[in-house]
Structures are given as C-alpha cells and as structure tokens.
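This is what each chain is made of:
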Amino acid sequence: LIAIKNFYYLLERLHDENEKIAIQNNLKITLNNSVLNLRSLSYDLAPPFLDSGDFMKVIKFYFERINQSSAKHFSIVTSVQNFVLPDEELYSLYKIIEMFCNYAINEVEITDFVLHVTSKNKIEIKDNGNSVNYNLEGSLSDDNVFLNLAYYLKVLRGKLRQEKVNDGNHFVLHLFNN
C-alpha cells in the first residue's frame, strides 16, 4: 500500500505523458497484486462460506482452491446432507482439515487426498503420500501443530486415530463424543 501511495505522489508531480503512463501501469500492477494479497490474507483469517455454518461448502471451496493452485488432487466423498455446525466447531473442524492438507502437501508428498465424511461424527482422511506414524511422532511436524490439533479436537470433543495401511496414510476423526 505504501508503494501505491508513492506511485500516486509521483504521478501528481510528473509532467511527461510517457512517464505518467509508465507510472499508471506500475500502479495498476501494484493495485492488482495488493488485491490478491488481501484476498489471500482474508481467506486465511476467515475462509469464504465459514459464516454459512455449512462444513461441506467450506471444504469444497477450500479443495477447489488447492486443486487450482497445485498439481495435487483433493476430493471429498460424502452422502451426508446439511452438515451445519456452530461457528467455533466449524472453524475448529476446518482448521484440522487444513492442518492435514498442509502436512500432506508439504511433508508427505501426496498426489491424492480424499476426505470421506461418513457421518457428522466420523470423518476419514486418506492420502497416497509417504507413510507417517502419527502415534510415534506424536505430532504432525512440530509441537505447535500438535498443540493446535489437540485444542481443536478438544473443541470438537473428538479423537484422532490412525489406521494401518500398506500405502499412504489413513486417519479417522471421531467427533462430538460425550
């Protein structure tokens, strides 16, 4: 934004039309980049559709965004209709899925990631990446991630279990246990 302000001041002081056009072009590029950065920042702070309460809508949009920006394939399989949650629970579930997606992209070299929503109480996460032993590592890459994951699971009264598979990874989230 400071660059935009500086371009504007330069534009006011210039008299040469060619220089003004060059500054206007730089200003357009800087404005477009600023808009993209703001969109990305606001998406990170509050993903679109989060206020709808609809988990499926939020995750579908998130997966579309990842699929457009990477060579990885993220999909959701479900027969659950109307998966609506209160704000704090929706945000917590979204953050858990986001953590697994980020970990899958950055750490375990996946090409396919599938989220199976079998019920409002059970979500399975499967990928074809390098196997990781969650129980032995105790975290997904570092202690902060583990603490965040533990917090979000607590909000959801949830438990995380890792299934043994020959290839990739398979996690099961059990939610809203009393």
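That block above? That's the structure.
As a starting point, this report considers the structure included with it. A quick note: this is a predicted structure, and the numbers were derived from the prediction, not measured.

Criteria and cut-off values
Here the residue numbering is sequential within each chain, running from 1 through the sequence in written order. Given that the model is predicted, a residue must reach a pLDDT of at least 70 before its local features are reported, and side-chain atom pairs must reach 80 or more before they are shown or counted; all residues, however, enter totals for whole chains, interfaces and linings. Hydrogens are left out, water is left out, and the side-chain values use all remaining heavy atoms of the structure. Definition used in this section: a nonpolar core is a set of buried Ala, Val, Leu, Ile, Met, Phe, Trp, Tyr and Cys residues joined via side-chain atoms within 4.5 Å. Only protein chains enter the calculation, and the probe is 1.4 Å; a residue is then buried if its accessible area is under 20% of its type maximum, exposed if over 50%, and partly exposed in between. Secondary structure follows DSSP: runs of H or I at least 4 residues long count as helices, runs of E at least 2 residues long count as strands, and numbering of each begins at the N terminus. Should any heavy atoms of two residues lie within 4.5 Å, those residues are considered in contact. In this description, strands pair whenever DSSP reports at least two bridges between them. Interaxial angles span 0 to 180 degrees and are taken between N-to-C directions of axes, which are lines fitted to C-alpha atoms, for helices over the stretch in contact.

1. Here we look at the nonpolar core
As a rule of thumb, soluble globular proteins bury nonpolar side chains together.
Phase 1: With 39 residues, the main nonpolar core has F55, F63 and L173 as its most contacted residues.
Phase 2: Among the elements of the structure, α3 (55-69), α4 (87-106), β2 (112-119), β3 (122-127), α6 (143-155) and β5 (169-174) are those that each provide at least two residues to this core.
Phase 3: The greatest single-element share of this core, amounting to ten residues, is contributed by α4.
Phase 4: Beyond its immediate stretch of four places on either side in the chain, F63 contacts F74, S75, I76, I97, C101, F113 and L115.
Phase 5: In terms of nonpolar packing, the next biggest core, distinct from the first, is built from six residues, I4, F7, L11 and L27 among them.

2. Here we look at the sheet that holds β2
Phase 1: Across the sheet, which stays open at both edges, the five strands sit in the order β1-β2-β3-β5-β4 with mixed pairing between neighbours. Among the strands making up the open sheet, the edge pair consists of β1 (73-78) and β4 (159-162). The average undirected angle you get between the axes of adjacent strands in this sheet is 15°.
Phase 2: Against the sheet, α3 contacts β1, β2 and β3, and its axis sits at roughly 160° relative to β1.

3. Description of the pairing of β4
Phase 1: Residue alternation in β4 divides its side chains into a buried set, L160 and Q162, and an unburied set, K159 and R161.
Phase 2: Judged from the four bridges that link them, β4 and β5 form a sheet pairing that is antiparallel. When the sheet's bridge partners are listed, L160 is paired in β5 with L173.
Phase 3: Between β4 and β5, which pair antiparallel one after the other, the connecting turn spans six residues, and G168 there sits at a positive phi close to 75°.

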